[in-house]
Amino acid sequence: MPLLPGLLLLPVLLRLSLDLHSGGLNLVLQFWQAALQPSLNPLLLRSLLNAVSTTLLMAVLSWLISTGAGFILGLLCSRRVAALFGGSGWMSTWLRHLLAPFRAIHELVWGLLFLQLFGLNGWVAVLAISLPYSALMARVLADQIDNRSSSAVQALKSGGATAASTLFTAVLPETAGGLLSHSGHRLDCAVRSAVLLGVFGLGGIGTDLALSLQSLRFHEVWSGLWVLAMLMFVLDRLRRRPQLLAVVAVLSLASATSQLDLSFPQVTSPLLNMSGEQLLGALQETPWAELIGGTLLVTVAAATIAVGLPPLMLLLTLQRRSLRQLLWALMRLIPVPLTALLLLFVFQPSPVLAAVALGLHHSGVMGRVMEDDLDECSSLQAEALLQLGAGQRSAVLYGRLGPISRPYLAYGLVRLDVILRDTAVVGMVGGAGLGWQLIDALGSFHWALVLLLLLAYAALTISGEVVSGWMQTTWGCKAVEA
Amino acid sequence: MPAQQSKTVAWSCLLAGVALTAALFGCSSTTPGGDTTTLRIGAIPDQNPEKLNRLYDTLSDELSDQLDVPVKYVPVSNYAAAVTAFRSGSLDLVWFGGLTGVQARLQTPGSQVLAQRDIDAEFTSVFIANGASGLKPITSSDQLVQLKGKRFAFGSESSTSGRLMPQYFMKQNGISPDDFAGGRPGFSGSHDATIAVVQSGAYEAGALNSQVWDSHVEDGRIDPEKVSEIWRTPTYADYHWVAAAKLDQRFGEGFTNRLQEALIGIEPDTERRRTILDLFGAEAFIPAADGDYVAIEAVGRELGKIR
Amino acid sequence: MPVLELLQAGLAGRLQPINLRISNGDRIVLLGRSGAGKSSLISLCNGALQPDQGRLLWQGQPFLQRSRRQRCELGTLWQDLRLVEELTAIQNIQAGALGRHDLLWAVRNLLGLLDPAPCMQAVNAVGLEPDLLNKPVLNLSGGQRQRVALARLLHQMPQLVLADEPLSALDPVLADDVLATLLQAPACLISLHRPELMHRFNRVLGLRQGKLVLNKHPDAVTESDLKWLYSES
C-alpha cells in the first residue's frame, strides 16, 4: 500500500524527461562541486555565524512561546480536561475550531503579513512561527489527552483530589512522553521555518542563502548550507536530551537582545483602510478556479512524491540505512525555493516541476518518519519471510513496510496540509497558484486581494483537514502526529 | 524513563519560563522604534549579501564622517520589506528601485527623493534570449510580438528594471503576461538568476537590469552561443535615494539638505569614496526630485503594482 | 452515627432499591453470582454511579455535598488499580493524600520534591521493597502494582474502604496479605468470590439478581443460604 503513491512517479518522470534540457547542467555540476569547496572567507563566515544565530534565536524563541502557549491552549481545547473541571466540553470544541485558521495559514504568509503590519522587527518572524505552531501544539496536546482514557483520574477525584491536582498528577504525566518528543520535533521544524522565512526576507541565514544563490555564488551558498547542517545536526543530537536543550535555549535567549531588534512593534496598519469596493474588485479580477485548481494539483502531486519516494528508496537501497538517512537529511536541509531554482537549471518550468521541488523536500521529512517507524517496528516478520525463502525485496516489502504502512500513510495525510501551505513558496518554477498570487499581492500592497487570498487559504486547509480526518477514520488509523 | 521525562518537562518549562521572562524584560528596556539619534540607512537587496554589506558599511562610515551623526546600515532582504520598514519608521534613508521608491513615498507622507546615480536618469532594461530559442534581435519595439508563446522570465516581482518596465513596454506592443507559454511568465527572483535560467534554456527569453547584464558581459561570464541580448528598452528613471520625513526635526535644521549634499558630493577623490562609487557602478550621484518618477508611478498604476 | 447510609437507593435494571447502613467497626463481605449486582453496589457506594432512585448519606449528610475532607475519608481499591502508570511508585502512593493537600503540593509531588517519610508507614504495611519506590509503575510486576495501589489506599487513611474483587487475580500469599490489610480499616465493604473467607468478616451481604437477599452475621449464614445465593434462577 505505501508503494501506491509511487506509481505516480512514472508520469512525473515522463514529463520531466520531456522537459529536460542540458543547458544548465554545468551550473548544477558547479553547485555540487561547490559543496566540497565552500567559501572560507572569514568575513563571510562571521556574517554567516551571525545570521545562523539569528535564525536559531528566532526558532528557539518561537518554539518556547509556541510550546508554552500551545500547552495552555491545548489544555483549554481538551474535552477531557473540560470534563475534569466539570464543564460540558462545548467551549473546548469551539476553541478548537477557532484555532484551526491559525494553523491553516503558513508561517511564511503570517510572516509576510506581519512584516507589512509591524515593519522590520525581530518579533515578526517569532510571531509568525509561534502563531501556527501554538495552534498546532494545542491540537496535538488536546488530541493526546483526549485519546487516552486513564482510569486514574477517577480514582484520584473520588479520593478527594481537586480537579487541578488531578490534572497535574494523572493527566499530565501520561501525556508528558509524547509531548516531549513532539516538542523536540517542533524545534527542528521551527529552525526550518525560520530558514524559510529568511529566504523570503525576514533575516537570518535563509536571507544569506537566498541572496547568495540568486547571485549564483555557489561557494558562498555552500558555506551557509554547511553551517546550517551543523546546526541541525547538533539540534538533532539534543532532541533526546531535553536538559541540554533547555540550556541551549537559555543561552541563545541570553544573546537575544544583541541579535534581534525585539523592541515593541508599532502597528502601521494599511489593512484598515480597505473598502468594500476594493474587495469586490479583487474578487472579480482574480481567476479563482484556476488558482485553486493549480494549487490543489501541485499539492496532491507533491504529496504523492513525498510519500512514495521513501518506500521506493528503501526497496532500492535495502540495508544501506545510513545512505538513506544522509539523503533525507540533505532533502530537509535545502529550502524548497533553492531546490526549485536548482531544478530550473535543468528542467523547463511547469507545475510538475513545482510539485517535484516540494515533493523532494517533504520526502526528506517522510523519509525520517519511515526510518523512525522501521526502527520501532520489529524485523521479525521480515526475517520469518526470508527464512520461508522470500527474496530480499519482497521480504522487506511485506515484512517491514507492511506493518508500518498504515501509520505511515496516515502521517502522509497530515503532511498533505503542510504541503498545501508550502505551495506558496514555489511560485518561480511555474507552480503558480494561490501562494504566488499572494506574494505578488503583498508586493503590490494590494490589501483587498491579500485578505481574500488568506481566506481562500484558510478555507482550503480547513476543508483539507476535514477530508483527511474522514479518510483517517475510514482507514481506521489515527495519525501519530509529529 | 517516563517518570524522569515528566520531571524533565516540568524543569524545562520552568527554565524556559524564566528565560523567556528575562528576555522579554531585556527587550522591553530598549526604546520602541530603536535609537532616534542614529541615522539608519537601508537598501533593496538586489546584490549578493557580501557585496551589500561591504557597500553600505563603507557608505555608512563616509556619511557618518560627513554629517557628524552615527550612521547604521540595517540589512533588509526583500523589496516589500524595505518599503514597509521605511513606512514604519525603521529606516531613515533607503536606496530604492524605481517602483519600490514610489510605493514607499506614497505610503509615507513627507518623504522625499534626494538623489540618483548618473546612470539612473536614463536607465534601461535588456531583453535576452536563449540561443536555441530562435528569437532574433529586435530593431523596433513592435517586433516584441515574437515573444508570444515563449517561456519568459522576469526577475523579482517588485523589480522596476527586471519586471515593471519590461512588462510595460511589452504591454504597449500588445503582449500581456498570459501570452507566454504556460499562460504566465516565471519569476527567477533576481537579475543574476534570470541570466542563469535563460542561459540554461529553462526559459527561452527574459528581461533584466541592463547594468547587471553589461557587467556580466564585461566580466566574460556570458556564453554568447547560449544567451544574447535581443533588445534594449527606451530609457526611464530607476534607482534613487529616498529620505524619511522629519529628519530635520531629529538631526537639526537643514539636515535633509546636508544629507543630499553629502551624497552628491561623493567624488572619486579618496580611496573610500572611490570604493563606494565603484560598488554602486556609477561615476557620481546627481540630485533627483519626486517629479522624476511620475512616469514610473503611472506605469506602476497601469500594471496594478501601485494602488 | 453510620458512616454511609443507603436509603432505598437503586439503579434501574441493575439494582433494586436497597437500605443499608455501614458503621465504624463493620467489616462487610459482599457475596453473589457474577452479574448479581456486586460491582454496581460498590460503584453506587463510592459515587462512581449515581442512584436512579433513593439517596445516599455520608455521616448523615447528602452524599454529593461532602466536603473534600470527607471525600478523602472514603477509599476504594479499584479492580484495575487505577494507578498513574507514568509516575513512580512513591509518587502514586503520595497521591493518596491529594485530598488533604493543595495544588502546589500536587506540583511538588509531580516534580518529586516531597518528603517520602509520611507514606513510609503505608509502604511498610504492604511490604513494598524500598528500592522499587522510585521506579515508574509501568515497570513493576502485577503483584508489585497491587501493593502500590494498596499503599496508596492506606496513605489516604480512609474511614471506609470499598473493594471490588480485590483478590481475584492474586496468588494465595499476596491475597492473604491484601485481605489482612484491608480488614485493618475502621470499616470496609468488600465483594468477594470466595464464600469460605466470610468468617474473617463480621457481616455478610448477599445479592441475587440485583436484590439484597442476605444480611447476616457470618455465623448465622447456613449452607442452604449459600446454595440458594449461588443457584441458577
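Bear in mind the structure is a predicted one, so any value in this text is a computation, not a measurement. (Residues numbered from 1 in each chain as written. Chains lettered and ligands numbered in written order. Predicted model: local features only at pLDDT ≥ 70, side-chain atom pairs only at ≥ 80, totals over all residues. Heavy atoms only, no water.)

J.: Any details on the overall build of chain C? Residues and values, ideally.
T.: Check the secondary structure of chain C and you find 8 helices and 10 strands. Residues counted as buried form 54% of the 233 residues belonging to chain C. Of the roughly 10300 Å² of accessible surface on chain C, 50% is carried by carbon and sulfur atoms. (Helix = DSSP H or I, 4+ residues; strand = E, 2+ residues; numbered from the N terminus. Buried < 20%, exposed > 50% of the residue type's maximum accessible area, 1.4 Å probe, protein only. Areas by Shrake-Rupley, 256 points an atom, 1.4 Å probe, with all protein chains shown as cover.)

J.: Could you give an account of the overall build of chain A, naming the residues involved and the relevant values?
T.: When you go through chain A residue by residue, the secondary structure sums to 22 helices and 0 strands. For chain A, contacts bridging at least 24 residues in sequence account for 81% of all contacts bridging at least 6. For chain A, the computed accessible surface area is about 18900 Å², with 68% contributed by carbon and sulfur atoms. (Contact = heavy atoms within 4.5 Å.)

J.: How would you summarise the pairing of strand 4 (residues 112-117) of chain B if you had to cite specific residues and measurements?
T.: All names here are of chain B. Along strand 4, 5 of the 6 residues are buried, which leaves the element largely enclosed by surrounding structure. As judged from the 3 bridges shared by strand 4 and strand 10 (residues 240-243), these two strands associate in the antiparallel manner. Bridged to A115 within strand 10 is W241. Sheet topology note: the strand 4/strand 11 (residues 285-287) ladder contains 3 bridges and is antiparallel. In the sheet register, A115 faces strand 11, and the bridge partner there is P287. (Pairing = 2+ DSSP bridges.)

J.: Account for the packing of aromatic side chains, with residues named and values stated.
T.: All names here are of chain B. The final tally for this structure, using the stated rule, is 29 aromatic pairs over all chains. An angle of 80° between the planes, with centres 6.4 Å apart, marks the rings of Y56 and W241 as edge-to-face. Of the two residues, Y56 is situated in helix 2 (residues 49-67) and W241 in strand 10; the sequence distance between them amounts to 185 residues. Note on Y56: relative accessible area 2%, which makes it buried. (Phe/Tyr/Trp six-rings, centres within 6.5 Å; stacked < 30°, edge-to-face > 60°.)

J.: Just give me the short version of the sheet that holds strand 6 (residues 74-77) of chain C, but keep the residues and values in it.
T.: Residue and element names in this part refer to chain C. One open sheet accounts for 6 strands, arranged 6-7-8-3-9-10; its pairing is mixed. The sheet is open, and its two borders are formed by strand 6 and strand 10 (211-216), each paired with just one other strand. Each neighbouring strand pair of the sheet contributes to a mean axis angle of 15°, computed without reference to strand direction. Where strand 7 (residues 160-164) meets strand 8 (residues 187-191), 5 bridges bridge the pair, whose relative direction is parallel. By the bridge assignment for strand 8, D164 is matched with S191. Strands strand 3 (27-31), strand 6, strand 7, strand 8 and strand 9 (203-208) of the sheet are contacted by helix 1 (residues 38-46), whose axis makes an angle of about 150° with strand 7. The sheet contacts of helix 6 (residues 142-156) involve strand 6 and strand 7, and relative to strand 6 the element is tilted by about 175°. (Axes fitted to C-alpha atoms, helices over the stretch in contact; angles between N-to-C directions.)

J.: Please provide a residue-by-residue account of the environment of A:D440, values included.
T.: By the secondary structure assignment, A:D440 is in helix 21 (residues 434-443). Spatially, the C-alpha atoms of A:D440 and A:V450 are 9.2 Å apart, while their sequence positions differ by 10 residues. Here A:D440 is in contact with B:E157, B:R163 and B:K305, once residues within four sequence places are set aside.

J.: If you had to explain the packing of helix 5 (residues 160-172) of chain B against helix 11 (residues 294-302) of chain B to someone new, which residues and values would you point to?
T.: Helix packing geometry: the angle between the two helix axes and the distance between the axes. Residue and element names in this part refer to chain B. Interhelical geometry of helix 5 versus helix 11 gives an angle of 75° and a closest axis separation of 10 Å. Relative to helix 11, the element helix 5 is oriented roughly perpendicular. Of the residues in helix 11, those in contact with T160, L164, M165, Y168 and K171 of helix 5 are I296, V299, G300 and E302. Partitioning the contact of helix 5 with helix 11 into residue classes produces 5 nonpolar, 2 polar and 2 charged. (Parallel < 35°, antiparallel > 145°, perpendicular 65-115°, else oblique. Nonpolar A, V, L, I, M, F, W, Y, C, P; charged D, E, K, R; others polar.)

J.: Lay out the sheet that holds strand 10 of chain B with the relevant residues and their values.
T.: Residue and element names in this part refer to chain B. Spatially, the 6 strands line up as an open sheet ordered 2-1-3-10-4-11, and their pairing is mixed. Two strands close off the open sheet at either side, each with one partner strand: strand 2 (71-73) and strand 11. Each adjacent strand pair in this sheet contributes to an overall mean axis angle of 25°, direction not counted. Bridge count between strand 3 (residues 93-96) and strand 10: 4 bridges; the pairing is antiparallel. Looking at strand 10, one finds that L93 is bridged to A243.

J.: Tell me what's going on with the environment of C:L74, and back it up with residues and numbers.
T.: With respect to the helices and strands, the residue C:L74 is situated in strand 6. Spatially, the C-alpha atom of C:L74 lies 9.9 Å from that of C:G47, the residues being 27 residues apart in sequence. In contact with C:L74, not counting residues within four places along its chain, are A:S158, C:C45, C:N46, C:W58, C:F63, C:R66, C:Q156, C:P158, C:L160 and C:L162.

J.: So what about helix 6 of chain C? Which residues, and what values?
T.: In a regular helix each residue adds 1.5 Å, so 15 residues correspond to 21 Å; helix 6 of chain C covers 21 Å between its end C-alpha atoms and thus fits that length. In the segment just after helix 6 of chain C, C:M157 is the residue with positive phi, at about 55°. (Expected span 1.5 Å × (residues − 1).)

J.: Quick rundown of the nonpolar core? Include the residues and the values.
T.: In this structure, B:Y56, B:L147 and B:W241 are the most contacted members of the largest nonpolar core, which totals 210 residues. With near-sequence residues (within four places) excluded, B:Y56 lies in contact with B:I41, B:A43, B:Y73, B:W95, B:W241 and B:F280. Within the second largest apolar cluster, 44 residues are counted, among which are C:L31, C:A122, C:L197 and C:F201. (Core = buried A, V, L, I, M, F, W, Y, C linked by side-chain atoms within 4.5 Å.)

J.: Could you give me a rundown of the pattern of salt bridges, with the residues and numbers involved?
T.: Where charged atoms from two side chains of opposite charge come close, those side chains can pair. Residues and elements named next belong to chain A. Following the criterion strictly, the structure yields 31 salt bridges over all chains and no others. As a salt-bridge pair, D143 and R96 come within 2.8 Å of each other at their nearest N and O atoms. Highlighted residues: D143 in helix 7 (residues 122-147) and R96 in helix 5 (residues 90-104), separated in sequence by 47 residues. Assessed through its relative accessible area of 15%, R96 is described here as buried. (Salt bridge = Lys/Arg side-chain N within 4 Å of Asp/Glu carboxyl O.)

J.: If you had to explain the packing of helix 15 (residues 288-317) of chain A against helix 16 (residues 321-333) of chain A to someone new, which residues and values would you point to?
T.: Residue and element names in this part refer to chain A. Across the interface, helix 15 lies against helix 16 with an axial gap of 10 Å and an inter-helix angle of 150°. For the element pair helix 15 / helix 16, the angle class is roughly antiparallel. Handedness of the crossing formed by helix 15 with helix 16: right-handed. Each of L309, P310, M313, L314 and T317 in helix 15 lies in contact with helix 16, whose residues at this interface are L323, R324, L327, W328 and M331. Tallied by class, residues from the contact of helix 15 with helix 16 come to 8 nonpolar, 1 polar and 1 charged. (Left-handed = near helix turned anticlockwise from the far one by under 90°.)

J.: Describe in detail the environment of C:A163, supporting the description with residues and values.
T.: Residues and elements named next belong to chain C. When you line up the elements, A163 lands in strand 7. In sequence terms A163 and S43 are 120 residues apart; their C-alpha atoms lie 9.7 Å from each other. For A163, the contacting residues outside a window of four places in its chain are I42, L77, L182, L189, I190 and S191.

J.: Mind laying out unusual backbone geometry, listing which residues take part and the relevant values?
T.: One non-glycine residue with positive phi stands out, namely A:F445, at about 55°. Take A:F445: it is sitting in the loop between helix 21 and helix 22 (447-474). Classification of A:F445 as buried rests on a relative accessible area of 8%. Even without a glycine there, the phi angle at C:E165 is positive, about 50°.

J.: Lay out the confidence of the model for chain A in plain terms, naming residues and giving numbers.
T.: Taken residue by residue, chain A gives an average pLDDT of 78. The fraction at 70 or more is 78%. Within the model, pLDDT remains below 50 along residues 478-482 of chain A, and this stretch shows 17 contacts once partners closer than five positions in the same chain are excluded. (pLDDT = per-residue confidence, 0-100.)

J.: Residue-level account of the side chain of B:T233, with values.
T.: All names here are of chain B. Along the chain, T233 falls in the loop between strand 9 (227-232) and strand 10. The class for T233 is buried, based on a relative accessible area of 5%. Within the local environment of T233, its side chain forms a polar contact with the backbone nitrogen of S125, the two atoms lying 2.9 Å apart. Apart from residues lying up to four places away in sequence, T233 is in contact with T124, S125, F127 and F169. (Polar contact = N/O pair within 3.5 Å; in protein donor to acceptor, adjacent residues only side chain to side chain.)

J.: Pulling in residues and values, what's your account of the side chain of A:H362?
T.: All names here are of chain A. Take H362: it is sitting in helix 18 (residues 351-376). In this structure H362 comes out as buried when scored by relative accessible area, which is 1%. In this structure H362 touches A306, R415, V418, I419 and D422, once residues within four positions along its chain are discounted.

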